[in-house]
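An overview of the molecular structure
Residue strings, one per chain:
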Amino acid sequence: MTTEATLASFVETVDTDVDIHPLDDPVRQGLRGHHAQFARWAGRVARYDPTVAPFVGHPPELDAEDWENLRTLVGPGGTVGLRGFDHQPPEGWRVVDQFGSVQMDGSALEVSVDPSVELLGRGDVPEILALIERTKPGPFLPRTVEMGSYYGIRVDGRLVAMAGERLHPPGWTEISAVCTDSDFRGRGLGTTLIRAVAAGIRERGELPFLHAVQSNTNAIRLYESLGFVLRKRSRLTAVQAPA
């Protein structure tokens, strides 16, 4: 696609989505603004640089051209998650998995920064990925730390808990990668980190939000106890493009 065609497609997409709440389309809204340097567009569909994050943003209902653009972005045999309900993949596509998700608004969250919390950077990526592998909070790639600020807590020099910033639509920042090593759970480390991440978000004049798998009731109860409220239920459908 030429530069002119890409720009025209981008402008058309912006013009048709001006009335959408940022949290109803957080991937594309973020890729138009704060995360534009990570964006790859094809028509109305956008995705993050695949070395940064696996997320794709798309219209609520995909037409034939959208599906073709999605295939262009993910490549032959590529797998991607679509948010929303009742997606009907065209011939050649395959549904790999489906599960419910919730989006939670953290506008009422009380924030604070504990002295035990430290800012993580690129030099900490090997430790971060090792913690992610042990705890499996969700997708996290070597360049995901570039999406925002990530914070951790160490015990005897070992990184045992972390949380950070991910999607960044206008006026909002997603709290993500909240995880604690199994040997250190029950100490409130996740709560400490969530409040610290939210403190940085509030300092910028923005509001925190997050996503959780609907079946992860323990995590959802924790978020509700901190002041998060349910904003929206959705479904994630993982689909594989034709090879």
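Below you will find a few notes about this structure. Here the structure is a predicted model, which means the values were calculated and not measured. (Residues numbered from 1 in each chain as written. Predicted model: local features only at pLDDT ≥ 70, side-chain atom pairs only at ≥ 80, totals over all residues. Heavy atoms only, no water.)

Turning next to the packing of aromatic side chains. Within the structure shown, the criterion is met by five aromatic pairs. Aromatic side chains Trp172 and Phe209 sit 6.3 Å apart centroid to centroid with 85 degrees between the ring planes, which places their arrangement in the edge-to-face category. Residue Trp172 is found in strand β9 (residues 172-180), and its partner Phe209 is found in strand β10 (residues 207-213); the two are separated by 37 residues along the sequence. Under the relative-accessibility criterion, Phe209 is labelled buried at 0%. (Phe/Tyr/Trp six-rings, centres within 6.5 Å; stacked < 30°, edge-to-face > 60°. Helix = DSSP H or I, 4+ residues; strand = E, 2+ residues; numbered from the N terminus. Buried < 20%, exposed > 50% of the residue type's maximum accessible area, 1.4 Å probe, protein only.)

So, about unusual backbone geometry. Unusually for a residue other than glycine, Asp86 sits at a positive phi of about 65 degrees. By secondary structure assignment, the location of Asp86 is in the loop between β4 (79-83) and β5 (94-105). Classification of Asp86 by relative accessible area gives exposed; the value is 62%. Its identity as a non-glycine residue notwithstanding, Lys136 has a phi of 55 degrees, on the positive side. Inspection of the secondary structure assignment puts Lys136 in the loop between α4 (125-135) and β7 (150-155).

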